[in-house]
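# Structural characterization, general
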Amino acid sequence: MTAEAPEPAGERPGGRCAVVALVGAPNAGKSTLLNRAVGAKVSIVTHKVQTTRTRVRGIAIAGDSQLVFVDTPGIFTGAKRRLERAMVAAAWHGVEDADLVVLLHDAQKAHLDDETRSILEGLAQRGRRVVLALNKIDAIKRETLLGLAAEFEQAARFERIFMISARDGDGVDDLLAWLATQAPEGPWLYPEDQLSDLPQRLIAAEIVREKLFLALHQELPYSLTVETDSWEAFKDGSVKIQMTVYVQREQQKRIAVGQGGRTIRLVREQAQRELEEMLETRVHLFLYVKVRERWLDDPARYRDWGLDFDG
Ligand SMILES: Nc1nc2c(ncn2[C@@H]2O[C@H](COP(=O)(O)OP(=O)(O)OP(=O)(O)O)[C@@H](O)[C@H]2O)c(=O)[nH]1
């Protein structure tokens, strides 16, 4: 997913664009960082781990560079089941396609854990240039931070190390400015006028997915996906949004719909309320649950997420 399209005449001469893979353990603060970088609620902050599936998570503009942040399902190691192995492969594909990689680490974890170590090994094997961002510096002592940075430096080679607080914004501008200078020259992947619409559709799908996860208590961790089918704005300012929740099997559909439609109704109400707050207007949300068998084995699905999965 690099900028391969021919540069449209007269558009952003001298512009730069980078696909930036944001990797890090669950709860490292990826969503918080993106929200700050993008300046809008583009990803969903939640305490639950691994809520992340959508590929393009945010688009930030820094100087004349467009930074397209993508993130990965957040699993890089320890996969046993076929499904998990597919997610691991997809995660690495995402990293391989990116121009730059930012490894975000929760500095409250005072030491480099095994999972992060193996992520670093994987990145080195693939020859990726990696930037380390030690996050949550607002919550820890300076000495601890310096010790941690030294530990990372011993374990791997980093282009740069940034110390940031995604929550408070400290250091985030420096990180973005540096990424902007590293972005390859080329046309922007997303024209400026698409930027407003794309995140909204992604956010809407993410909101529904999050409500489903919460309602189902993660009974269907990876087996569902949500797509925005249509988005219609009316003269009175209200919006009609239709989405489809895809599951793999009839039995999963029954779980997602719930007895007498109770679950999906609850999800719809909660998601609609949040969408109304976000869009500051009335929203008519329609949710459909459909079975799309073996979609996890269907390369076209992965391409829809930008994953191009062929394994
Ligand atoms: N103190 C502090 N807390 C932070 C900071 N950044 C994120 N957090 C908190 O850390 C928790 C996890 O943040 P998220 O942004 O959801 O983490 P994530 O990496 O996107 O998590 P997944 O989507 O589950 O992979 C949330 O409670 C955030 O409020 C920070 O700079 N300082």
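Residues numbered from 1 in each chain as written. Predicted model: local features only at pLDDT ≥ 70, side-chain atom pairs only at ≥ 80, totals over all residues.

Going by this rule: UniProt positions are given in the numbering used here, feature names are shortened, and annotations may be inferred rather than shown by experiment.
Going by what an unreviewed UniProt entry lists, the protein chain is known as GTPase Era and is assigned to Tistlia consotensis USBA 355. Under Function (unreviewed entry), UniProt gives the following word-for-word description of the protein chain: "An essential GTPase that binds both GDP and GTP, with rapid nucleotide exchange. Plays a role in 16S rRNA processing and 30S ribosomal subunit biogenesis and possibly also in cell cycle regulation and energy metabolism." Within the UniProt record for the protein chain, the comment given under Subunit (unreviewed entry) is "Monomer."

### Comments concerning the sheet that holds strand S9 (residues 283–291)
Here is the rule we go by: Two strands are said to pair when DSSP picks up at least two bridges between them. Per the convention used, a helix needs a DSSP run of H or I reaching at least four residues, while a strand needs a run of E reaching at least two, with both numbered from the N terminus. A fitted line through C-alpha atoms represents every axis, and for helices the fit uses only the stretch in contact; the resulting angles, taken between N-to-C directions, go from 0 to 180 degrees. Residue pairs are scored as contacts if the distance between their C-beta atoms, which are placed from the backbone, is within 7 Å.
Taken in spatial order, the three strands of this open sheet run S7-S8-S9, and their pairing is mixed. The outermost strands of the open sheet, each flanked by one partner alone, are strand S7 (225–233) and S9. For this sheet, the mean angle separating the axes of adjacent strands, direction not counted, is 15°. Where strand S8 (residues 239–247) and S9 come together, nine bridges link them in parallel fashion. Paired with Val239 across the strands is Val283, a residue of S9. Those strands touched by helix H7 (residues 250–257) are S8 and S9, and its axis lies near 155° from that of S9.

### Remarks on the nonpolar core
For clarity, the cut-off: To form a nonpolar core, buried Ala, Val, Leu, Ile, Met, Phe, Trp, Tyr and Cys residues must be joined through C-beta atoms within 7 Å. Exposure classification rests on a simple neighbour count of other C-beta atoms within 10 Å of a residue's own: a residue reaching 20 or more is buried, one at 12 or fewer is exposed, and one in between is partly exposed. C-beta atoms are placed from the backbone.
One finds Val20, Leu67, Phe69 and Val101 to be the most contacted residues of the largest nonpolar core, which totals 46 residues. Considering every element that reaches this core, the biggest residue donor is strand S1 (residues 16–23), with seven residues. Counting 22 residues, the second-largest nonpolar core is a separate cluster that includes Ile207, Tyr246, Leu275 and Leu287.

### A few points about unusual backbone geometry
Within the chain, Lys136 stands out as a residue other than glycine whose phi angle is a positive 70°. In this fold, Lys136 is placed in the loop between strand S5 (130–135) and helix H4 (142–155). Given 23 C-beta atoms within 10 Å, Lys136 falls into the buried group. Phi is positive for Glu280, close to 55°, though the residue is something other than glycine. Inspection of the secondary structure puts Glu280 in the loop between helix H8 (262–279) and S9.

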